[in-house]
Amino acid sequence: MAAPSQAGRLAPITRRAALLGFLALPSLARGQNEPLVIVFADVSLKDALNKAGFIYVAQTLHPVRLSYGSSSALARQIEQGVPADVFISASVDWMDYLAKKQLIIASTRRDLFSNHLALIAPAKSKSSLKIGSKMPILRALGNRRLAMTGPDEPAGLYGQAALTKLGVWDQVKDHIAPAENVRAAQNAVVSGEAPLGIVYETDAKIERGVRIVGLFPDSSHPPIIYPGAVLTGSRNPNAANFLQSLTSPLEANPIRGFGFKILKG
């Protein structure tokens, strides 16, 4: 199987053909009896994984369907029996949740990527806040709220841990604008609904409507790890290959361009 990161070596498929073929290639592959790989992935991976999947399909003709949502919602859908082949979470906790229920193939589990946690503001905002112990975040919010996911979601768990470590959680816990997932939290900041939000650095970098006020110290929260695994209900021989393609080869991985650190796990 050709490595999905070698975008410049798609011969005999040209770049234009690959672009046009991203939707057409899956149907072609199905005509060749290639089963569809259904991937459930955290929404924070959407842009990066779309590109990686685009290249993978173009090179291998193995069809892939990428479905995004919050890690918790996707894990619960898998638990309820919604068909999928691969799960990629934004935290080890939700992968552990499925592992305890014997819903993943343990031998296929690997840590794929890592990320950083960012405090964001609207792009035109002049809000300035140095992230650190006892930072005056409540004053920066004024009489408004901080956009972030709840603790069931990885970004919310990381955010609450960081704010607690910095000694300001008790100040802001009653001033939260809860969001369903990290992209929804970011959209609240883009729209001006919230003056500040907590998202992943990779989300903030691809959204022109926000700017990064600062990054939380990695030591202030659990490590942000994205594990992936093939699900026990999968009968697709290409599922493990797709998962493996996301971290190989490291030096040319398309996901790296979105700010994720590629892990060797």
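Details of the structure are given in the entry above.
Everything quoted here is computed from the prediction, not taken from an experiment.

Let's shift gears to the packing of helix H3 (residues 71-79) against helix H4 (residues 92-100). Interhelical geometry of H3 versus H4 gives an angle of 10 degrees and a closest axis separation of 10 Å. Considering the angle they form, H3 stands roughly parallel to H4. For the pair H3 and H4, contact is made by Ser71, Ser72, Ala75, Arg76, Ile78 and Glu79 and by Trp94, Tyr97 and Leu98, respectively. Split into classes, the residues belonging to the contact of H3 with H4 amount to five nonpolar, two polar and two charged.

We now examine the sheet that holds strand E6 (residues 146-149). Read across the open sheet, the five strands follow the order E7-E6-E8-E5-E9; overall the sheet is mixed. Two strands lie at the open edges of the sheet, namely strand E7 (176-179) and strand E9 (210-215), each paired on one side alone. Strand after strand, the sheet turns through a mean of 35 degrees between neighbouring axes, direction not considered. Note that E6 and strand E8 (residues 196-200) share two bridges and pair parallel. Bridging across to E8, Ala147 finds its partner in Gly197. Against the sheet, helix H6 (residues 154-165) engages strand E5 (117-122), E6 and E8, with an angle of about 125 degrees to E6. Relative to E8, helix H8 (residues 182-190) is tilted by about 145 degrees, and along the sheet it contacts E5, E6, E7, E8 and E9.

Moving on to the sheet that holds strand E1 (residues 37-42). Spatially, six strands are ordered E2-E1-E3-E10-E4-E11 in an open sheet, and the strand pairing comes out mixed. A single partner strand is all that each edge strand has here, and the edge strands are strand E2 (64-69) and strand E11 (261-262). Direction of pairing for strand E4 (residues 110-114) relative to strand E10 (residues 225-230): antiparallel, over a ladder of four bridges. Bridge pairing links Asp111 to Pro227 in E10. Against the sheet, helix H2 (residues 46-60) makes contact with E1, E2 and strand E3 (86-88), and its axis sits at roughly 175 degrees relative to E2, the strand it touches most. Sheet contacts for H3: E1, E2 and E3; angle to E1, the most-contacted strand, approximately 140 degrees.

Counting buried residues in E8 gives five out of five residues, a clear majority hidden from the surface. Pairing between E5 and E8: four bridges, direction antiparallel. In the sheet register, Leu117 faces E8, and the bridge partner there is Tyr200.

Quick look at the packing of aromatic side chains now. Evaluated as defined, the whole model comprises seven aromatic pairs. Between Trp94 and Tyr97 the ring centres are 5.0 Å apart and the planes differ by 65 degrees, which places this aromatic pair in the edge-to-face class. Linking Trp94 with Tyr97, this pair stays in helix H4, spanning three residues, or about one helical turn. Within the aromatic cluster, the residues linked to one another by ring pairs are Phe113, Tyr158, Tyr200, Tyr226 and Phe260.

Cut-offs used in this document
All residue numbers refer to position in the chain's written sequence, counted from 1. Residues qualify for local features only when their pLDDT is at least 70, as the model is predicted, and side-chain atom pairs are given and counted only at 80 or more; totals for whole chains, interfaces and linings, by contrast, use all residues. Only hydrogens and water are removed before side-chain values are computed, so all heavy atoms of the structure are retained for them. Only the contacting stretch of a helix is used when fitting its axis, a line to C-alpha atoms as for every element, and angles between N-to-C directions run 0 to 180 degrees. Secondary structure is summarised from DSSP: a helix means a run of H or I of at least four residues, a strand means a run of E of at least two, and numbering begins at the N terminus for each. Put simply, angles under 35 degrees are roughly parallel, angles over 145 are roughly antiparallel, angles from 65 to 115 are roughly perpendicular, and the rest are oblique. Between two residues, a contact is recorded if the distance between any of their heavy atoms is within 4.5 Å. Residues are grouped as follows: nonpolar covers Ala, Val, Leu, Ile, Met, Phe, Trp, Tyr, Cys and Pro; charged covers Asp, Glu, Lys and Arg; every other residue, Gly included, is treated as polar. DSSP calls a pair of strands paired once it identifies at least 2 bridges connecting them. Burial here depends on accessible area, computed with a 1.4 Å probe over protein chains only, as a share of the maximum for the residue type. Under 20% is buried, over 50% is exposed, and the range in between is partly exposed. Two aromatic rings from Phe, Tyr or Trp, using only the six-membered ring of Trp, form a pair when their centres are within 6.5 Å; if the ring planes differ by under 30 degrees the pair is stacked, by over 60 it is edge-to-face, and anything between is tilted.

Function cannot be read off these values alone, since they describe shape.
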